[in-house]
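These are the residues of each chain, in order.
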Protein chains: 4
Amino acid sequence: MATWTEERIRVRYGETDMMGHAYYANYLYWLEQARGAWCRDRGFTYKQLEEAGYKLPVVETWIRYKGEIKYDDLVTVRVRLGETKRSAIKFEYEIVAPGGDRVLTEAYTWHVFVGGEMKAAPLTGEFKEMLARDPADWAQAE
Amino acid sequence: MATWTEERIRVRYGETDMMGHAYYANYLYWLEQARGAWCRDRGFTYKQLEEAGYKLPVVETWIRYKGEIKYDDLVTVRVRLGETKRSAIKFEYEIVAPGGDRVLTEAYTWHVFVGGEMKAAPLTGEFKEMLARDPADWAQAE
Amino acid sequence: MATWTEERIRVRYGETDMMGHAYYANYLYWLEQARGAWCRDRGFTYKQLEEAGYKLPVVETWIRYKGEIKYDDLVTVRVRLGETKRSAIKFEYEIVAPGGDRVLTEAYTWHVFVGGEMKAAPLTGEFKEMLARDPADWAQAE
Amino acid sequence: MATWTEERIRVRYGETDMMGHAYYANYLYWLEQARGAWCRDRGFTYKQLEEAGYKLPVVETWIRYKGEIKYDDLVTVRVRLGETKRSAIKFEYEIVAPGGDRVLTEAYTWHVFVGGEMKAAPLTGEFKEMLARDPADWAQAE
C-alpha cells in the first residue's frame, strides 16, 4: 500500500466564510500543500520538479465535505499516491480532526505529467522512481 | 430539462498561478457566483434565502479541467439544477470559452438544505417552488 | 484632474469571513480588477502590456477600511492615476456604496514599471502616452 | 520595546500569480496568521477573544513590498504591537528571508476593538493586560 504523508494545517480566519466554516475552495489549497509535503517526504520538492522542466497540472478534483472545519482548527491532511497511468497520476486525501480518528473530508485529484510545452508525456523512469520512494529511506527535502 | 443560467466572468490576475493558468481552487468561486446568478434568474437571491433561515452548505464537489483558462479570459459559467433529493440538491456546470462552443470545464456540486441549526432538513414546499421556477417568468432579483 | 474609471463588483460569498464582512485581503483583488478596467477605458489591456514585455509589479499598498462591505453587495470601485515618477506610478481608489455617495474604502497602490528582467525602467514615451489618454477618445478594449 | 513574535510560512503554489511571485493580496493572509501566533505567544487565541464577545476588525493596512517572495519560499513573518489608542491597536510586521537578515516586506495594520454590536469600545483592562504580556511568562496557547 502507498504510504500516507501527513501535513498539519491551521485554518486561517480569511479561509472562513460568513457561514462560519472554511470556504469550500480553500480545501484545494490545503490539498496542494499536502502534495508539497508528500514530495518532500520523498526527497524532492515540487519546485525542483518544475525546474527540471516537468509540471503536474490538475485535470480532475473531487471532494466530499463530511465534517465541519472551522477557524483555528488544526487539521491533518493525509495524502497518498493512488493510481498511476501512462501519463497521469492520482492522489488521494483525507482530512482528519485532531486525534486523527475522525475523517472530515475525503478527496482525490488527478494530474497529468507534462513536459516543457504543456503536452501530456509518459511518466519518465526517473519520475516513476521518485513516485515509488519510501519516505523511510529519504531525508525530507529542504 | 432544467434551464441553464449563464454568468460571464473575467479571470483576475490574482486568480492565476505561476503556471500561467487560473489556479484550480478559484473555479469554485466562479461556480458560487454562477449559483448566485441562478437564484437571481428565479426572482430571489441566495442572501435572501439565508436571511429566511435556510442555508445550502456544500457536501460534494467534482471538477473536470479540460481546457486552459488564463488571465483576462472572459469565460461563461453555465449552471443548471441537476437532481434533487429529499434534503439535497445538485447543480451542474459547464465553463465555456467565448463563443460558447468549447467546454473548458465540467463540474457539479451537491448541497444540503439546512435550517437554523445546521441540520439537514427536507426541502420545504416553498423552496421546491423556487427551484422549479422558469426564468422567463421572473424578473432578475436586484 | 485624472479621470476616474468605475468598475462594479458583486461581493462573492467566498470573499466574506466569519465576521460576516468581506475579508480584508480580498479588497486587493477588487483594486486589481479596477486597474484592468482602467486600462480598457484607455484602449489597451494590462495583458497586452505584459505581452509587450512590460510589467507593473506592486511595491506599496495602503487601504483605509471605513464602511462595511458584505456578501452580495454591489459596490463600485473608482480608480484614477495619481502621481507618476520616473519609473513608478500611483493609482488611487475609492470603493463606494450603491448610489455612489458614500465612500466605504480609500486606497492607493504604487507600481514600478519594469522591462523583461524585472528591473525598474523609466516609463517609455509610448507608455506615458497610454497613461495620459482620455477615455472619451477610446473605445473600451475587448 | 514590544517583543516580536515570529511565524514561519511556506508560500503555497496557489498564492503565486503568473508573474511568478506571491500575489500581493496573499501577504494579508500571512499577517493574519502572524497575529494569531502573536496571541498564542501571550497565552490566548484570537478565537477565544471572539468567543468572549470581542473583535478586532481591521481599519487600515499598509504594505511595502521590497523583495521578491516566490513559491515554496519559507519566510518568517515578524509581528509586534505598535501603538495603542483608546479603542484601537496597531500591529507592525516584517517579513524576512530565511536567515533573517534581509527584510522583504514591511507592513502595519490598525484594528479597532469592538464589543458585541460592532461598535468601537475602549480597550478593557483585561484586554490591555493581555496585550502587555511578555511571551516568556506564557505557555503558547493550544
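Here the structure is a predicted model, which is why all the values come from computation and not from measurement.

Looking at the interface of chain A and chain C
When the parts of a complex come together, some accessible area is lost, and that lost area is often taken as the interface size. Contacts between chain A and chain C engage nine residues on the former and nine residues on the latter. A per-class count over the side of chain A that touches chain C returns five nonpolar, three polar and one charged.

Things to note about the relation of the copies chain A and chain B
For the pair chain A and chain B, the relating rotation is 180 degrees, the translation along its axis is 0.0 Å, and the fit reaches an RMSD of 0.0 Å. Here the transformation between the copies is reduced to the relation of a two-fold axis. Taking C-alpha positions as the reference, the residue of chain A nearest the rotation axis is A:Trp62, at 2.2 Å.

Observations regarding the relation of the copies chain A and chain C
Two copies of a chain can be linked by a rotation about an axis combined with a shift along that same axis. With an RMSD of 0.0 Å, the fit of chain A onto chain C corresponds to turning through 180 degrees and sliding 0.0 Å along the axis. Of the interface residues in chain A, 100% have counterparts in chain C that sit at the interface too, so the contact is made through matching surfaces.

Thoughts on the interface of chain A and chain B
Facing the 16 residues of chain A at the interface are 16 residues of chain B. Here the side of chain A that touches chain B takes eight residues from strand β2 (residues 58-65) of chain A, the largest share from any one element. Residues belonging to the side of chain A that touches chain B are distributed by class as follows: 11 nonpolar, two polar and three charged. Pairing of β2(A) with strand β2 (residues 58-65) of chain B involves five bridges; the strand directions are antiparallel. Its bridge partner lying in β2(B), A:Trp62 is registered against B:Trp62.

Description of the confidence of the model for chain A
Here chain A shows a mean pLDDT of 93. Residues at 70 or above account for 99%. Quick note on the complex model: pTM equals 0.96, ipTM equals 0.94.

Description of the sheet that holds strand β5 (residues 103-112) of chain A
An order of β1(A)-β3(A)-β4(A)-β5(A)-β2(A)-β2(B)-β5(B)-β4(B)-β3(B)-β1(B) is seen for the 10 strands of this open sheet, with the pairing classed as antiparallel. Bordering the open sheet on either side are β1 (5-10) of chain A together with β1 (5-10) of chain B, each of which pairs with just one other strand. Neighbour-to-neighbour, the strand axes of this sheet turn through a mean angle of 20 degrees, independent of strand direction. Packed onto the sheet, helix α1 (residues 26-41) of chain A meets β1, β2, β3 (74-84), β4 (88-96) and β5 of chain A and runs at close to 140 degrees relative to β1(A). Across the sheet, helix α1 (residues 27-41) of chain B touches β1, β2, β3 (74-84), β4 (88-96) and β5 (103-112) of chain B, and the angle it forms with β1(B) is around 140 degrees.

Digging into the pairing of β4(A)
All names here are of chain A. Sheet topology places β3 next to β4; seven bridges connect them, and they run antiparallel. Within the sheet, the bridge partner assigned to leucine 81 lies in β4 and is phenylalanine 91. Here β3 folds back onto β4, and the loop between the two strands holds three residues. Pairing analysis gives nine bridges linking β4 to β5, with the strands arranged antiparallel. Residue isoleucine 89 lies in a different strand from β5, and its bridge partner there is histidine 111. A loop of six residues connects β4 with β5, the two strands running antiparallel in sequence, and glycine 99 in this loop sits at a positive phi of about 105 degrees.

Some points on the sheet that holds strand β4 (residues 88-96) of chain D
On the basis of which strands lie adjacent, the open sheet formed by 10 strands has the order β1(C)-β3(C)-β4(C)-β5(C)-β2(C)-β2(D)-β5(D)-β4(D)-β3(D)-β1(D) and antiparallel pairing. Each edge of the sheet is formed by a strand with only one pairing partner; in this case those strands are β1 (5-10) of chain C together with β1 (5-10) of chain D. Neighbour to neighbour, the strand axes of the sheet diverge by 20 degrees on average, direction disregarded. Across the sheet, helix α1 (residues 26-41) of chain C touches β1, β2 (58-65), β3 (74-84), β4 (88-96) and β5 (103-112) of chain C, and the angle it forms with β1(C) is around 140 degrees. Sheet strands in contact with helix α1 (residues 26-40) of chain D are β1, β2 (58-65), β3 (74-84), β4 and β5 (103-112) of chain D, and its direction is about 135 degrees off that of β1(D).

What counts and what doesn't
- Residues numbered from 1 in each chain as written.
- Chains lettered and ligands numbered in written order.
- Predicted model: local features only at pLDDT ≥ 70, side-chain atom pairs only at ≥ 80, totals over all residues.
- Contact = placed C-beta atoms within 7 Å.
- Nonpolar A, V, L, I, M, F, W, Y, C, P; charged D, E, K, R; others polar.
- Least-squares fit on C-alpha atoms with pLDDT ≥ 70 in both.
- Helix = DSSP H or I, 4+ residues; strand = E, 2+ residues; numbered from the N terminus.
- Pairing = 2+ DSSP bridges.
- pLDDT = per-residue confidence, 0-100.
- Axes fitted to C-alpha atoms, helices over the stretch in contact; angles between N-to-C directions.

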